[in-house]
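Observations on chain architecture
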Amino acid sequence: MSGEVLRAFLLWLPAGTLIPFLVSWRTGASPRLAVIEASIFALGGLLIYPTLLGMISARFVDRPNPELLFLFGFMLATLTLVAFRWRMRRLQRGRYS
């Protein structure tokens, strides 16, 4: 196993799956909602946002830094979850618009 693959399994995979589940669960979400939020974070932070950022940055930079793309992807995924929780709280209070 190369160093990059090992780093991906030891750093990025737990940071994109296990840690968001634990943070979500510890901040008041039920285990079911924590799984949903961790899945949204993993999908956005490990797949969608880094891919989009990579395609955009490839237009302007010769070789984009993957670690930087994942960090920005994680930040965007975090903002997505903050907006998700905000919307869920508004729906629970009865404000639908």
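On a predicted model such as this, the values are computed, not experimentally measured, just so you know.

**Examining the packing of helix H1 (residues 3–16) against helix H4 (residues 66–93)**
In the contact formed by H1 and H4, the axes pass within 11 Å of each other and the chain directions differ by 10°. As judged from the angle between their axes, H1 and H4 are roughly parallel. Once H1 is placed against H4, the crossing between them reads as left-handed. Between H1, through Arg 7, Trp 12, Ala 15 and Gly 16, and H4, the contact on the second element is made entirely by Glu 67, Phe 70, Leu 71 and Phe 74. The residue inventory of the contact of H1 with H4, partitioned by class, reads five nonpolar, one polar and two charged.

**A short note on the environment of Gly 16**
Mapping Gly 16 onto the fold places it in helix H1. When the C-alpha positions of Gly 16 and Arg 85 are compared, they lie 18 Å apart, and in sequence the two are 69 residues distant. Among all residues touching Gly 16, those that are not within four sequence positions of it are Ala 38, Phe 41, Ala 42, Leu 46 and Phe 74.

**Examining the environment of Leu 18**
Secondary-structure assignment places Leu 18 in helix H2 (residues 18–26). On a C-alpha basis, the gap between Leu 18 and Ser 39 in space is 9.9 Å, while along the polypeptide they are 21 residues apart.

**Remarks on the packing of aromatic side chains**
Using the criterion set out here, one finds two aromatic pairs in the structure. Considering the side-chain rings of Phe 21 and Trp 25, the 6.0 Å spacing of their centres and the 20° angle between planes classify their relative orientation as stacked. Taken as a pair, Phe 21 and Trp 25 lie in helix H2 at a separation of four residues, close to a single helical turn. On the basis of relative accessibility, which here comes to 24%, the residue Phe 21 falls in the partly exposed class. Residue classification places Trp 25 among the partly exposed residues on the basis of a relative accessible area of 40%. Seen from their ring centres, Phe 41 and Phe 74 are 5.3 Å apart, and the 45° between their planes marks the pair as tilted. Within this pair, whereas Phe 41 is found in helix H3 (residues 31–60), its partner Phe 74 is found in helix H4, the two being separated by 33 residues in sequence. Its relative accessible area of 7% is what places Phe 41 among the buried residues. It is Arg 26 that lies over the ring of Trp 25; its NZ or CZ is 5.5 Å from the centre.

The rules behind the values
- Residues numbered from 1 in each chain as written.
- Predicted model: local features only at pLDDT ≥ 70, side-chain atom pairs only at ≥ 80, totals over all residues.
- Heavy atoms only, no water.
- Axes fitted to C-alpha atoms, helices over the stretch in contact; angles between N-to-C directions.
- Helix = DSSP H or I, 4+ residues; strand = E, 2+ residues; numbered from the N terminus.
- Parallel < 35°, antiparallel > 145°, perpendicular 65-115°, else oblique.
- Left-handed = near helix turned anticlockwise from the far one by under 90°.
- Contact = heavy atoms within 4.5 Å.
- Nonpolar A, V, L, I, M, F, W, Y, C, P; charged D, E, K, R; others polar.
- Phe/Tyr/Trp six-rings, centres within 6.5 Å; stacked < 30°, edge-to-face > 60°.
- Buried < 20%, exposed > 50% of the residue type's maximum accessible area, 1.4 Å probe, protein only.
- Lys NZ or Arg CZ within 6 Å of the ring centre and 35° of its normal.

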